[in-house]
Protein chains: 2
Amino acid sequence: MTVIEQMGAKAKAASQSLAIAGEKKNAALAAIAQALIDNTDNIIAANRIDLDNGEKNGLSAALIDRLTLTEARIKGIADGVLEVMALPDPIGTVISGGTRPNGLRITKVRVPLGVIGIIFESRPNVTADAAVLCLKSGNAVILRGGKEAINSNKCITAVMQDAIESAGLDRNSVQLIEDTSRQSSIELMELTEYLDVLIPRGGKGLIRAVVENAKVPVIETGAGNCHTYVDASADINMAAEIIYNAKTSRPSVCNAIETILVHEDIADKALPVIKARLDEKNVELRGCEKTIAILGSSVKPACESDWETEYGDYILAVKVVSSFDEAVAHIAKYSTGHSECIVTSDYKNAKRFTAVVDAAAVYVNASTRFTDGGMFGLGAEIGISTQKLHTRGPMGLNELTSVKFIIEGDGQVRN
Amino acid sequence: MTVIEQMGAKAKAASQSLAIAGEKKNAALAAIAQALIDNTDNIIAANRIDLDNGEKNGLSAALIDRLTLTEARIKGIADGVLEVMALPDPIGTVISGGTRPNGLRITKVRVPLGVIGIIFESRPNVTADAAVLCLKSGNAVILRGGKEAINSNKCITAVMQDAIESAGLDRNSVQLIEDTSRQSSIELMELTEYLDVLIPRGGKGLIRAVVENAKVPVIETGAGNCHTYVDASADINMAAEIIYNAKTSRPSVCNAIETILVHEDIADKALPVIKARLDEKNVELRGCEKTIAILGSSVKPACESDWETEYGDYILAVKVVSSFDEAVAHIAKYSTGHSECIVTSDYKNAKRFTAVVDAAAVYVNASTRFTDGGMFGLGAEIGISTQKLHTRGPMGLNELTSVKFIIEGDGQVRN
């Protein structure tokens, strides 16, 4: 057995006790939150090693910032653990059921998935965030973080394991792969005997590599080439506010928009208002010919690749469309199926847009930035699924579960 | 573009109209049922070619039987289509929803998965059964059947496509891959751009190959190493009837049992009663040492591989266990997570068994043969999932769907 196979076997064993751990799970979460606070100095010292290495290796300021743990950030992580603790336990929930004509009572109940693998990049807060969501939903987890955060991750994991053990649960409920070579990722992706699902959290390259190479089931997360379509009947000021919010409130995240589509009947009036609002944040516009004809040559010409790109930055592609159908066809062609929005005053178009656009979240008259487990009322999220299998959209605790049918009889046999 | 990529693109286009096809889907199903009856002679003639080829190639009598279509069997397929037609349409069902404090109305609704691939072996009835379940749930389907049934499959598919078109839907809603080489399977498994899920239906080898090689999401079906545990407090006659039914009513199917575990406190009395019942069907027993000590040397000794084997035949492995925990541990080690049963009169053990045994269907005092979409009240099934992701247990129409969040606002933006 390789080291990772051994971890798989230990996780599988831990998952069996976690599945029936009941209120001990909350005791473990409380212990984790307290232990993170109690070990703040140790965690910061471990993080210091990662930061020093990062500076030596020339990490960008943005990456260094994402890697940095402070007393306040550790307190924030601990508060997040307590928030997850306060959520209802999904395990054992009866989803449906009934008594069949032959007297068999059939109940469909939520059970944990079992063993979850998480592959993520350099943010060490994911270590605790992901682990506690898995724990609360009764799953054992194997974490594989980026090499930049390995010392922070090792320290946080050890703190969590001790806390879990102090609450009477198996410390192998949470494990970290300490080998950050490419080989360890590949082994995890092929751990079919032990892993029930693998969730990549990070950039496009990481997610693509996992989807391409994994032999275990994967939940694809995160890619967001999102659009807002301004219909002919849109309230122009509302459209400008929604676009401003969806583009500029946090451009790097997956629910930010990358392209707007504007109906030609309203483009003359709407585009200058939208541009004026975006100018406040110096958003670079890349437009089609009609857009440039209206807004002038301060707008750069857009090329094919602009319709495909998730900028993650203060850049927005703009296209004037001649019909609702053209807007919908553009979205069908370029959307990654994350979040799509129409701004309209037309009841029929609102209804039609929500029916025909194929995405995890389809909006009428609201910013796509709401696509988020917290905003949707799920309490917390482990990511946003952009695939259709198992779950789609923000994933909370319910989405980390499977089901089991319980059939209770009195000796029934099948004819 | 390869032929299969072209089929993928056509299926994707068809899926967009199918997603909003509403009652046209039932019109298409009615037309398919009628067309199958009207074309009975053509289908039987095409099937005759497959049967002649099969006989030339020395197919076993059992395979020839599974391959054979008669007027009665075609009528049975058509009746199945009408049964699916009568089921409620899952698309558009509101699963959950509510209004957030900021006034956003969020509704989670069922939508089709999109494009489903089905890889199956020699039974030509699967062609129609699988296609109509996909159609009813608003999904386009690409079928890849075995070479033994290729002429039957081509004829049935053409009949269905004409019927679908006559109802005003896209004939590419159902497509058959006519190339039955290994290469076409592999291309389908790698069709990530177009396929939302691939479902293998067939033997262990086929399922294993798909799980190992697919780059698209897969739903694993079918493997069933199922157990019945006879607890110390069991009603012995009930246990014998349940075991007799679960082993002999249809030994080749995945919900038949392969091993029984009998508590040592009841084994002396129970095993002779169980054996007497199984002797009526000449079931071969393979037992542990304690079993042979009780039942005598007419029972063959079981070896390790017997605990692992899905016989699919009139063979049953028998093990005497010294405790409830030993039975549960044996099941945890050897079960494929399909269907597991306890026969008991003890309330605590019944409750505990359903809590700790990790399988799609966990039974108390009933035959495992009930694990089936029809028996569970789902109306029809496309297979039985033995994985935990997306769906577990019998898969009906709901299990062929995904979800979409619809968010309706009045200009809300995120702080």
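Residues numbered from 1 in each chain as written. Chains lettered and ligands numbered in written order. Predicted model: local features only at pLDDT ≥ 70, side-chain atom pairs only at ≥ 80, totals over all residues.

A. Expanded view of the overall build of chain A. Assigned secondary structure in chain A consists of 15 helices and 16 strands. Residue burial in chain A is summarised as follows: out of 415 residues, 54% are buried. Pairs at least 24 apart in sequence give 72% of the contacts found in chain A among residues at least 6 apart. (Helix = DSSP H or I, 4+ residues; strand = E, 2+ residues; numbered from the N terminus. Buried ≥ 20, exposed ≤ 12 C-beta atoms within 10 Å, placed from the backbone. Contact = placed C-beta atoms within 7 Å.)

B. Just the relation of the copies chain A and chain B, in detail. Aligned on chain B, chain A shows an RMSD of 0.1 Å; the corresponding rotation is 180 degrees and the shift along the axis is 0.0 Å. Taken together, the rotation and translation relating the two chain copies correspond to the operation of a two-fold axis. Relative to the rotation axis, the closest C-alpha in chain A is found at His390 of chain A, a distance of 1.7 Å. Looking at the interface residues of chain A, 98% of them are also at the interface in chain B, so both copies use one shared face. (Least-squares fit on C-alpha atoms with pLDDT ≥ 70 in both.)

C. Up close: the environment of Asn47 of chain A. Residue and element names in this part refer to chain A. With respect to the helices and strands, the residue Asn47 is situated in helix 3 (residues 40-56). Taking C-alpha positions, Asn47 is 40 Å from Cys341, a pair spaced 294 residues apart along the chain. Leaving out residues up to four positions away in the same chain, Asn47 has contacts with Thr68, Leu69, Pro124 and Ser152.

D. Structural context of the sheet that holds strand 4 (residues 140-144) of chain A. Residue and element names in this part refer to chain A. Sheet architecture is open: 4 strands sit in the order 5-4-3-6, paired in parallel fashion. Bordering the open sheet on either side are strand 5 (174-176) and strand 6 (197-201), each of which pairs with just one other strand. Averaged over all neighbouring strand pairs, the angle between strand axes comes to 20 degrees, with direction disregarded. In terms of strand pairing, strand 3 (residues 115-120) meets strand 6 through 5 bridges, oriented parallel. When the bridges of strand 6 are listed, Ile116 appears paired with Val197. On top of the sheet, helix 7 (residues 150-166) reaches strand 4 and strand 5; it is set at about 160 degrees to strand 5, its chief contact. Helix-sheet contacts for helix 9 (residues 204-213) involve strand 3 and strand 6, and the interaxial angle to strand 6 is about 160 degrees. (Pairing = 2+ DSSP bridges. Axes fitted to C-alpha atoms, helices over the stretch in contact; angles between N-to-C directions.)

E. Spatial organisation of the packing of helix 2 (residues 24-38) of chain B against helix 7 (residues 150-166) of chain B. Residues and elements named next belong to chain B. Two numbers describe how helix 2 lies on helix 7: the axes approach to 8 Å, and their chain directions differ by 140 degrees. One way to sum up the angle between helix 2 and helix 7 is to call them oblique. Of the two possible hands of crossing, helix 2 and helix 7 adopt the one that is right-handed. On helix 7, the residues touching Ala28, Ala31, Ile32, Ala35 and Leu36 of helix 2 are Val159, Met160, Asp162, Ala163, Ile164 and Ser166. Here the residues of the contact of helix 2 with helix 7 are counted per class, giving 9 nonpolar, 1 polar and 1 charged. (Parallel < 35°, antiparallel > 145°, perpendicular 65-115°, else oblique. Left-handed = near helix turned anticlockwise from the far one by under 90°. Nonpolar A, V, L, I, M, F, W, Y, C, P; charged D, E, K, R; others polar.)

F. How the structure looks around the interface of chain A and chain B. Chain A puts 54 residues into the contact, and the matching count from chain B is 53 residues. Contributions of two or more residues to the side of chain A that touches chain B are made by helix 10 (236-248), helix 15 (347-356), strand 13 (361-366) and strand 16 (401-412) of chain A. It is strand 16 of chain A that provides the largest number of residues to the side of chain A that touches chain B, a total of 11 residues. Its residues assigned to classes, the side of chain A that touches chain B shows 27 nonpolar, 15 polar and 12 charged. Bridge count between strand 16 of chain A and strand 13 (residues 361-366) of chain B: 5 bridges; the pairing is parallel. Its bridge partner lying in strand 13 of chain B, Phe405 of chain A is registered against Ala361 of chain B.

G. View of helix 8 (residues 182-189) of chain B. Residue and element names in this part refer to chain B. Along helix 8, the positions that sit buried rather than exposed are Ser185, Leu188 and Met189. Viewed along the axis of helix 8, the buried residues span an arc of 100 degrees, placing them on a single side of the element. If you follow the buried residues of helix 8, they end up packed against helix 1 (3-18), strand 3 (115-120), strand 4 (140-144), strand 6 (197-201) and helix 9 (204-213). (Arc of directions from axis to C-beta.)

H. How the structure looks around the domain arrangement of chain A. The domain architecture assigned to chain A consists of domain 1 (3-220 + 390-408) and domain 2 (226-370). In this structure, domain 1 of chain A and domain 2 of chain A have C-alpha centres spaced 36 Å apart. (Domains from an automatic or database assignment.)

I. Highlighting the sheet that holds strand 16 of chain A. If you walk across this open sheet you meet the 10 strands as 1(A)-2(A)-16(A)-13(B)-12(B)-7(B)-8(B)-11(B)-9(B)-10(B), and the pairing is mixed. Looking at the sheet topology across the chains shown, the edges are occupied by strand 1 (94-99) of chain A together with strand 10 (300-301) of chain B. Relative to strand 10 of chain B, strand 9 (residues 284-287) of chain B runs parallel, the two being bridged by 2 bridges. Paired with Arg286 of chain B across the two strands is Lys300 of chain B, which belongs to strand 10 of chain B. Set on the sheet, helix 14 (residues 324-334) of chain B makes contact with strand 7 (226-230), strand 8 (257-263), strand 11 (315-321) and strand 12 (339-343) of chain B; between it and strand 11 of chain B the angle comes to about 140 degrees. Those strands touched by helix 15 (residues 347-356) of chain B are strand 16 of chain A together with strand 12 and strand 13 of chain B, and its axis lies near 160 degrees from that of strand 13 of chain B.

J. Broad picture of the environment of Val403 of chain A. The topology assignment puts Val403 of chain A in strand 16. Not counting the four nearest positions on each side in its chain, Val403 of chain A is found in contact with Ile95, Lys108, Val109, Arg110 and Val111 of chain A together with Arg392 of chain B.

K. Spotlight on the pairing of strand 12 (residues 339-343) of chain A. All names here are of chain A. Buried residues dominate strand 12, accounting for 5 of its 5 residues. Side chains Ser339, Cys341 and Val343 of strand 12 all project onto a buried face; the interleaved residues Glu340 and Ile342 project onto the opposite face, where all are buried too. When strand 7 (residues 226-230) meets strand 12, the two strands line up parallel, connected through 4 bridges. Residue pairing for strand 12: Thr228 is matched across the bridge by Cys341. Of the pairings in the sheet, the one linking strand 12 to strand 13 comprises 4 bridges and is parallel in character. Within strand 13, the position partnered with Ile342 by the bridge is Val364. Note that the unit made of strand 12, helix 15 and strand 13 has a crossover that is right-handed. (Right-handed = clockwise from strand over helix to strand, strands pointing away.)

L. Highlighting unusual backbone geometry. Positive phi values are uncommon outside glycine, yet Asn365 of chain A reaches one of about 55 degrees. Checked against the element boundaries, Asn365 of chain A lands in strand 13.

M. Here's a closer look at the pairing of strand 8 (residues 257-263) of chain A. Residues and elements named next belong to chain A. With 7 of 7 residues buried, strand 8 is to be regarded as a mostly interior element. The sheet contact formed by strand 7 and strand 8 spans 5 bridges and is parallel. Looking across to strand 8, one finds that His227 is bridged to Thr259. Crossover strand 7 to strand 8 through helix 10 is right-handed.

N. Just the confidence of the model for chain A, in detail. Per-residue confidence for chain A gives a mean pLDDT of 95, with 100% of residues at or over 70. The complex model carries a pTM of 0.91, and its ipTM stands at 0.92. (pLDDT = per-residue confidence, 0-100.)

O. Structural view of the environment of Ala256 of chain A. Here Ala256 of chain A is to be found in the loop between helix 10 and strand 8. Contact partners of Ala256 of chain A, with chain neighbours within four places excluded, come to Cys226, Ala246, Lys247, Arg250, Pro251 and Arg369 of chain A.

P. Quick look at helix 3 (residues 40-56) of chain B. Residue and element names in this part refer to chain B. Relative to the 24 Å expected for 17 residues at 1.5 Å per residue, helix 3 spans 24 Å between its end C-alpha atoms, a close match to the ideal helical length. Along its buried surface, helix 3 packs onto helix 4 (61-67), helix 5 (71-86) and helix 7. One or two steps after helix 3, the chain reaches Gly58, where phi turns positive at roughly 70 degrees. (Expected span 1.5 Å × (residues − 1).)

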